[in-house]
Structures are given as C-alpha cells and as structure tokens.
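So the chains spell out like this:
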Amino acid sequence: MLSIKNLTVNVGDKPILKGINLEIKAGEIHAIMGPNGSGKSTLSHILSGKAGYTVTGGTVTYQGKNLLEMAPEIRAREGVFLAFQYPVEIPGVSNIYLLKAALNSIRKHHGQPEVDAMDFLTLIKSKVRLLEMDEKFLYRAVNEGFSGGEKKRNEILQMAILEPKLCILDETDSGLDIDALKVVAEGVNSLRSPERSFVMVTHYQRLLDYIKPDFVHVLAHGQIVKSGGAELALELEEKGYGWLEDTQAAA
Amino acid sequence: MNTAAASRYTAEYQAIAPVLPGRDLPWLQSLRAQALEKFSARGFPSLREEEWRYTNVSAIEKKLFSPSMSIASSHIDTDWLKSYQLEDAWSVVLVDGHFSGELSVLEGLPEAVSVMSMADALVKQPEALERYINQAVNYNEHGFIAFNTAWFTDGLFVHIPAKQVLEKPVQVLHLITQADVLATTRNIIVADEMAEAEIIETFAGLDNAYLTAAVTEVFIGVNAGVTFYKMQCEPEKAYHFGGAYIKQSRDARFSHHNFAFGGLLARSDVHADLDHASECELNGLYLGIKRQHIDNHTRINHLKPHAISRELYKGVLDDRARGVFQGRVIVAVDAQKTDSQMNNRNLLLSNDAEADTKPQLEIYADDVKCGHGVTVGQLDEKSIFYLQSRCVDEETARNMLTFAFANEMVDKVKIKGLHDRVLEQVLARFPQEGVSKEWL
C-alpha cells in the first residue's frame, strides 16, 4: 500500500526527517509514537501534501505511484485521508456541503456519476449514528464553534463517509476525554478492513488500548529508532521515551 | 471643488426646472433654489473633503449627464424586470427617474398606508413632504445631496401610520434604460409610532454609462421598526451615488443591509441619528471586480443614552478593484451607556486589488462600550489545504471560501425572493466552479 524509502525532509534549511523507512501493507495498522518535536506531524503532513516542506531525498510510493508528485486533492481522491491534529474551522461552508463536494470529487475522479441525493442522505445519517453525533451537526459550518472532541469526531465522520484506503490519524486522541476517545476508537475499528491501512500518529499509548496496532514505530530526532509489535507501546508506557532517545544519541 | 462642472449642470438646469415636480409649491421651489445655489458654489464633492478623500468623482464632472424627461417603459424587458422585481411585494418602479404606473404594483395596500411616487405625493400630500424633505439630511452635507435636492424628478413616498405592521415589503426599483441619462430620485419613508415595515431599494440598468444620484430619508417613530435592504446592481459603466439618512426616535429599531455590487464608481452613504435606547444595525457587502471603485460611508450618531449600534461591512475585491469603507461612530456627551460595535472585513483576491478602511470613533461621553475591528487579508492557506485534503481542488476551495465569506451577509436577508436575487448577483460576479446554490 505505502512504501517510504530513505525519506529526508527539511523545513527551510533545517532537517526534520532524516531517513525514514516504512512499509505498510493493506489491512495493517501502524502506530507512530514519539516525543514532541520528533517529526511525527511532519511525516503525516508530508504524506497528505501540505506545503511548507522540502523533500531532500528518498521516495514515497503509494499503490505503485509516486505520492510526492500528486497534488493534495489528488492524493485524497486516490484514497489518502488525513485526520487533522487541529481541524480547521471553515465559517460559511456547511459540513454536509463539504461532504457532498468531497464524495462527488472522488466519484468523478474514478469516472463515476454524482451520488444520488437520497443515497447520500441515507449514507451520512448512518455514519452520524455510528459516531453518536447529532444530525444538526451536518448543517453547521465545518468545525465552527465545535468543542475539541466534536472536531475530532467530525474528522472520523468524514473518514467514515469518504472510505479512504490509507487513513492517517494525526494525534487524533490528543485532548479527548475517555468517552470521546472510545467513540472515536469505535469509529476507527468499524472501518478496519483487509483493504484499508491506518497510520496512527500519537503521543500517548492510551489510544492503542482501544485500537490495537499491528506495528509500533518510535520516531525520535527525525528517525525511526525502534519498531516492534503492540507490546512495544506498553514498554514505552512504562519506560518513557528517554531510553530510546539516549540509545539513538549514543549511536 | 469643481465649479466649472457645476456651472455646466447649472446651465442645463434652467431648461428642465419648469418640468420638475412640485413647481407650484413655494416651499419646495425655495428649497430647490437654495440647493442649486449651494451646488453652483460648491460642485460635486472633492478629494479635499475628509469624507470623500478616497473617492475621486472627477470622471462624473467630465461628463454631462442629462435628465430624461420622458419614460419609455414599454421597452422594459419582462424577464429583466422580474430578475429584480419581487413577486410578493408592493412595488414602485421608476424608469429613467420617472414613475411607471404600468410596471408598479400597488393593489391591496391597507387604506391608511401611503405608497406612491414622489411626484404623486407632491400633489396629494404636500404638507407631509414639507415636514420631512431635507430633515434627515441637509443639502449642505455635500454636493450630491445639494444636487439631488435641486434636480430630483421623482421617487418613492411611503407613510405607514401608527401601529400598522406592513405584511409585505415595499420595493422601489430604480431602472435606467437610456445612455448618458441622469437619474435623480428622492425617497421619503415615514413609519409612525409602533409601525413596522420592510423596504427594499433596487438599482439596476441596461449596459450604458449613466449617473444615479438618489437620496432616501427615513423617519422612524417611537418604538417603530424598519428593515431596509439596498441592492445596487448598476451596470459596469454606470456611476452611482445613493444615500440613506435615517432619524430614529426613542426605542426605534432600524436595520440596513447594503449590497453594493455594480457600477464603475459607486458611493453609498448610510447615516443614522439614534435617540434614547434605539437600535441600529448596519450590514454591508461590497464586491469589486475589474476596475470598479466602491465606496461605503457610514455614520452612526449616538445622540442619547442607552442606544445600541452594530455594524459589519464585508468587502471582496478582485482584479484592480478598489473598496473603501469609512465608518464613523459619534457618541455625544449625553449618550451615556452607548453600546456600539463596528467591524469591517476585506478579502483581497488579487495583488492589484485595494481596500482602504477607516473606522472612526468619536466619543464625548464617559460611560460607554464601543469597539471596532478591521481586517484586510487574503484567503487562509490553512483552510485551503484543509479543503484540498478533503478532495476539493485548489481553485474550487478558493471559490468556496470566497463565497462563504460573502454569503454570511446574504444569509441575513430574511425575504426569500430578495435573498435568491442577491445570491444570484453574488454568484454572477465570482467564479462559480464548485459553488452551488444548494449550499444552504
């Protein structure tokens, strides 16, 4: 699904990612953990195509294509979805309008006709129920005046409706109380399938109690310093990041 | 001051004066004569006048627009008319500055309510007009008002008696069909104590160069309410001056929605005087494309205590367009407990577009709450990326955000027929790719 080879990225003259290697197969869940400032968010931004970064080396291949050459909206239409750490408020654009515009862009990209209005409503209403949201949300402006938890839930709602192939969750758990976290995790778990992969960028191990990853990678100073199974997250919970950073510094 | 231009217009005045309405009313003759004298001495406003410093009207002075003395309403295209005229409203249609009975709709008005052309009113209710004309604004204010006072050919007169609540809006349509014509109309709206009304003023014309110089005076009685919508859709070669001057009595409510879309050079004045505990809401949306120059001047005079004013003007400027916002809030020494908030937000879509914004607070009382905020900026890159990450291409994302910015003001229009017409004008002025009417 996704193959990152020796990826190096700068912001201005400053190297942020210093040689990332990562292979993600269809159906897998990868957790990327690490302390603040390790480059976790940069990695999710690079995959989704945010401006402001310079790729200085390496490749990112998504479903056999060069991901880095695609405009952000093309990546999204090809099935890459970023759930934002800080979802943006868009006054004047309603949720339902954005969802419809997004869904129809994907359909057009794949040569399909626009979604039928009735089918669309049925679809979004079922997803709204799944995420325990009020239908009124659909008619409100995107994220405007939403609480932190509502914004994150809205990201997962969009993901559930757009049915991407590669889901990147950028600190989706940050700022959520336990109830909101459970709802979000349930939403994510309901989307798990053999054709869909997840990259969960997180600072906290707690999320992984509810969404069990297949692999855990630790990012520090712009490199993956350790990879392992779900048990690595528990080890990190116990020991913190310090021992890994020290290992790396010593190396 | 350009008295040369003034004298060219003044020379023409003698020819048209005999056919102006109200010539048998000595008080009006005298008022027109004084206004003419003022205009002859002062001319159109110049850049040296503080409240005109961003708007150069010399292009108007270089031309000589002449009033039309006849009406050619049979030439009005029905579809064109319907794109502006509301179905569910009483309407007074002025074509080239003259009332058209054929196009106006006045059936079913409550008996005590007067809605008629100014020319008619000068015959039927001259004493009412003597009481109100030149009272909400004085011809000394600036050249266009003096000019309008001397030259006006017709207009709208509305009188709503006490406690009468008008069930349908009253619309005045200013339609210009001829090239190089001058349309000077004077409108008087009076809502007596506890009366309520919605007034819509629409300006449109065929694709010619011409000059509109309209003045509207609004008098709102004790605890009465008036909602006023102005939709200015002049064609791209036209010049437009349109001023609304409002006197609010104690506890009176007024809201004004100003849609400034058309004209090569367009200036709008909205000036309100607030009595004790009255409320005034001024909303505006100006859209500039190509080489348009759109100037909005507002003044809110808090004269007595406890009045509330809220103002939000938004501008979207593309190409080489220039938008001006000058907003003055004056709080008199007696106007304690005034609560006033003024905001102006500008969105620049091109490097050559320009916004000049000047909010002014003049506060002479010491126990008041007054604020103002101004922004001039471009579309937010974070928002664009967010939409792109949701499959929307960059151009569509820009259009969506631009439309959303403007639509906040359109959404405040509570009359459906008008809302749809305003929305259509907005959509016609900016690229629509990805933006559709099912937005709401």
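Quick caveat, the model's predicted, so the values are computed rather than measured.

K.L.:
Is there a simple way to explain the pairing of strand 3 (residues 98-105) of chain B in this structure?
P.N.:
As a general feature of sheets, a regular strand has side chains that alternate between the two faces. Residues and elements named next belong to chain B. Where strand 2 (residues 90-95) meets strand 3, four bridges bridge the pair, whose relative direction is antiparallel. The residue of strand 3 that forms the bridge with valine 93 is serine 100. Connecting strand 2 to the antiparallel partner strand 3 that follows it, the hairpin turn spans two residues, and aspartate 96 within it adopts a positive phi of roughly 50°.

K.L.:
Which parts of the structure should I look at to understand the packing of aromatic side chains?
P.N.:
We describe a pair of aromatic rings using the distance from one ring centre to the other and the angle between the two ring planes. Using the criterion set out here, one finds 21 aromatic pairs over all chains in the structure. Arranged with centres 4.8 Å apart and planes meeting at 65°, the rings of A:Phe84 and B:Tyr386 form a pair that is edge-to-face. Taken together, the positions of A:Phe84 in the loop between strand 6 (80-83) and strand 7 (90-94) and B:Tyr386 in helix 8 (residues 381-388) put the pair across two chains. No difference in accessibility class separates A:Phe84 from B:Tyr386, as the two residues are buried. Pairing B:Tyr9 with B:Phe147 gives two aromatic rings, centres 5.5 Å apart and planes at 85°, and the pair type is edge-to-face.

K.L.:
It is not clear to me how the sheet that holds strand 16 (residues 308-317) of chain B should be interpreted in this structure. Could you clarify?
P.N.:
Strand pairing in a sheet takes place through backbone hydrogen bonds and is either antiparallel or parallel in direction. Residues and elements named next belong to chain B. Here we have ten strands laid out as an open sheet, ordered 3-2-6-8-10-12-14-16-18-20, and mixed in their pairing. Edge positions in the sheet fall to strand 3 and strand 20 (369-377), since each of these pairs with one other strand and no more. Pairwise comparison of adjacent strand axes, ignoring direction, gives a mean angle of 10° for this sheet. Sheet strands in contact with helix 9 (residues 394-410) are strand 12 (253-260), strand 14 (279-288), strand 16 and strand 18 (339-348), and its direction is about 145° off that of strand 16.

K.L.:
Which parts of the structure should I look at to understand the sheet that holds strand 4 (residues 54-62) of chain A?
P.N.:
All names here are of chain A. Taken together, four strands build an open sheet; the order of strands is 2-1-4-5 and the sheet is antiparallel. Pairing within the sheet leaves two strands with one partner each, and these edge strands are strand 2 (14-24) and strand 5 (65-66). Across eight bridges, the pairing between strand 1 (residues 2-11) and strand 2 is antiparallel. For valine 11, the partnering residue across the bridge sits in strand 2 and is lysine 14. Lying on the sheet, helix 1 (residues 40-48) is in contact with strand 1, strand 2 and strand 4; it crosses strand 1 at an angle near 110°.

K.L.:
Which parts of the structure should I look at to understand the interface of chain A and chain B?
P.N.:
On the side of chain B, 21 residues touch chain A, which itself brings 30 residues to the contact. When residues of chain A are sorted by the area they lose upon contact with chain B, A:Glu73, A:Phe84 and A:Tyr97 head the list and together hold 28% of the total. Between the two partners, chain A and chain B, sit two salt bridges. Its salt-bridge partner being B:Asp393, residue A:Arg77 comes within 3.9 Å of it at the nearest N-O pair.

K.L.:
Where do I start with the packing of helix 5 (residues 148-162) of chain A against helix 6 (residues 178-191) of chain A in this structure?
P.N.:
All names here are of chain A. One can describe the packing of helix 5 onto helix 6 by two numbers: an axis separation of 10 Å at closest approach and a directional angle of 10°. For the element pair helix 5 / helix 6, the angle class is roughly parallel. Seen along the crossing, helix 5 lies across helix 6 with a hand that is left-handed. In contact with Arg153, Ile156, Met159 and Ala160 of helix 5, helix 6 contributes Ala180, Val183, Val184, Gly187, Val188 and Leu191. When the residues that make up the contact of helix 5 with helix 6 are grouped by side-chain class, the tally is eight nonpolar, one polar and one charged.

K.L.:
It is not clear to me how the pattern of salt bridges should be interpreted in this structure. Could you clarify?
P.N.:
For side chains of opposite charge, pairing can occur when their charged atoms come near one another. Residue and element names in this part refer to chain B. Inspection of the entire model under this criterion finds 33 salt bridges over all chains. Across the salt bridge formed by aspartate 120 and lysine 124, the nearest N and O atoms sit 3.4 Å from each other. Remark: lysine 124 and aspartate 120 occur in helix 5 (residues 118-124); sequence separation between them is four residues, near one turn of the helix. For aspartate 120, a relative accessible area of 29% puts it in the partly exposed group. Between arginine 328 and glutamate 362 there is a salt bridge, with its nearest N and O atoms 2.9 Å apart. You can see arginine 328 sitting in strand 17 (residues 322-331) and its partner glutamate 362 sitting in strand 19 (residues 354-363), a full 34 residues away along the chain. A residue is classified by how much of its surface remains accessible, and arginine 328, at 18% relative accessible area, is buried.

About the thresholds
- Residues numbered from 1 in each chain as written.
- Chains lettered and ligands numbered in written order.
- Predicted model: local features only at pLDDT ≥ 70, side-chain atom pairs only at ≥ 80, totals over all residues.
- Heavy atoms only, no water.
- Pairing = 2+ DSSP bridges.
- Helix = DSSP H or I, 4+ residues; strand = E, 2+ residues; numbered from the N terminus.
- Phe/Tyr/Trp six-rings, centres within 6.5 Å; stacked < 30°, edge-to-face > 60°.
- Buried < 20%, exposed > 50% of the residue type's maximum accessible area, 1.4 Å probe, protein only.
- Axes fitted to C-alpha atoms, helices over the stretch in contact; angles between N-to-C directions.
- Contact = heavy atoms within 4.5 Å.
- Buried area = accessible area lost by both parts, 1.4 Å probe.
- Salt bridge = Lys/Arg side-chain N within 4 Å of Asp/Glu carboxyl O.
- Parallel < 35°, antiparallel > 145°, perpendicular 65-115°, else oblique.
- Left-handed = near helix turned anticlockwise from the far one by under 90°.
- Nonpolar A, V, L, I, M, F, W, Y, C, P; charged D, E, K, R; others polar.

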